[in-house]
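Analysis of the macromolecular model
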Amino acid sequence: MSPQSSLSDDLTAAQRCLDELTRTVDRLERQVGTGLEIRRVRSDAEHLRESLALLRASSPAAGAASTVRPEMVTIPDKPYDHVLWSDVDDEGVGAKDRHAP
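Residues numbered from 1 in each chain as written. Predicted model: local features only at pLDDT ≥ 70, side-chain atom pairs only at ≥ 80, totals over all residues. Heavy atoms only, no water.

So, the overall build of the protein chain
Our working rule: Only DSSP runs of H or I covering at least 4 residues are called helices, and only runs of E covering at least 2 are called strands; the numbering of each starts at the N terminus. Accessible area is worked out with a 1.4 Å probe on protein chains only. A residue is then buried under 20% of its type maximum, exposed over 50%, and partly exposed in between. Contacts are residue-level and defined by heavy atoms, with any inter-residue pair within 4.5 Å sufficient. Residue exposure ignores everything except the shown protein chains as possible cover, and the areas themselves are Shrake-Rupley values with a 1.4 Å probe.
For the protein chain, the helix and strand inventory stands at 3 helices and 0 strands. Helices (α) and strands (β) of the protein chain occur, in sequence order from the N terminus, as α-α-α. Per-residue burial for the protein chain yields a buried fraction of 8% across its 101 residues. Across the protein chain, the fraction of contacts at a sequence separation of at least 24, relative to all contacts at a separation of at least 6, is 61%. Working note: accessible area of the protein chain is about 9100 Å², and carbon and sulfur atoms make up 58% of it.

Below is the structure:
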């Protein structure tokens, strides 16, 4: 078995355990009510779910799956055509041919 599939298998197993934890917390909540303790356990389980999602997203297996790279755009070093800027205001100064109020 390759290290990639082992990592994927471990992440999937951890996800299954978290799913079972959530179901168990649901059952406990029905038995003991919605007190502070059960809310803390539910919150902790949700934090674990978020952390596992971040781990899955940052894993090498996830990086290998997303090999699509954005297209690179080359920006020339030559100055822009001044005609493009002929009718714009200078920020904070205003247009050249108008006076301030």
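Here the narrative resumes, following the displayed structure.
Overview of the pattern of salt bridges
Our working rule: The salt bridge criterion pairs a side-chain nitrogen of Lys or Arg with a carboxyl oxygen of Asp or Glu, the two atoms within 4 Å.
A complete count under the given rule lists 5 salt bridges for this structure. Glutamate 20 is the salt-bridge partner of arginine 23, the closest N and O atoms lying 3.0 Å from each other. Of this pair, arginine 23 and glutamate 20 are both found in helix α1 (residues 3-32), 3 residues apart, which corresponds to roughly one turn of the helix. Residue class for glutamate 20 comes out partly exposed when judged on its relative accessible area of 36%. Between glutamate 29 and arginine 42 there is a salt bridge, with its nearest N and O atoms 2.4 Å apart. Of this pair, glutamate 29 sits in helix α1 while arginine 42 sits in helix α2 (residues 36-58), placing them 13 residues apart in sequence.

Topic: the side chain of serine 59
Our working definition: Each polar contact in these results corresponds to two N or O atoms within 3.5 Å; when the atoms are within protein, one needs to be able to donate a hydrogen and the other to accept it, and residues that are neighboring in sequence are counted only if both atoms are side-chain atoms.
With respect to the helices, strands and loops of the structure, serine 59 is situated in the loop between α2 and α3 (60-65). Taking the relative accessible area as the measure of exposure, serine 59 reaches 7% and is therefore buried. Polar side-chain contacts of serine 59 include one of 2.9 Å to the backbone oxygen of arginine 56.

Remarks on a nonpolar patch on the surface
The test is simple: Only residues whose relative accessible area exceeds 30% and that take part in no salt bridge are eligible for patches, with like-charged residues grouped when within 9 Å of each other and nonpolar side chains (Val, Leu, Ile, Met, Phe, Trp, Tyr) grouped when within 5 Å.
Taken together, the side chains of Val73, Ile75, Tyr80, Leu84, Trp85 and Val88 define a hydrophobic patch exposed on the protein surface, amounting to about 700 Å² of accessible area. One can find leucine 84 in the segment after α3.

A look at α2
Defined as follows: Given a helix with a known number of residues, its expected span is that number minus one, times 1.5 Å.
Taking 1.5 Å per residue as the helical rise, α2 with its 23 residues ought to reach 33 Å, and the 33 Å between its terminal C-alpha atoms agrees with that figure. For α2, the full list of buried residues reads Ile38, Ala45 and Leu52.

Quick word on the confidence of the model for the protein chain
Spelled out, the test is: The quantity called pLDDT is the predictor's confidence in a given residue, expressed from 0 to 100.
The pLDDT averaged across the protein chain works out to 81; a share of 74% of its residues lies at or above 70. The lowest-confidence element of the protein chain is α3, averaging 60 in pLDDT; the highest-confidence one is α2, averaging 93.

A look at the environment of leucine 18
When you line up the elements, leucine 18 lands in helix α1. Of the residues examined, leucine 18 reaches a relative accessible area of 10% and is grouped as buried.

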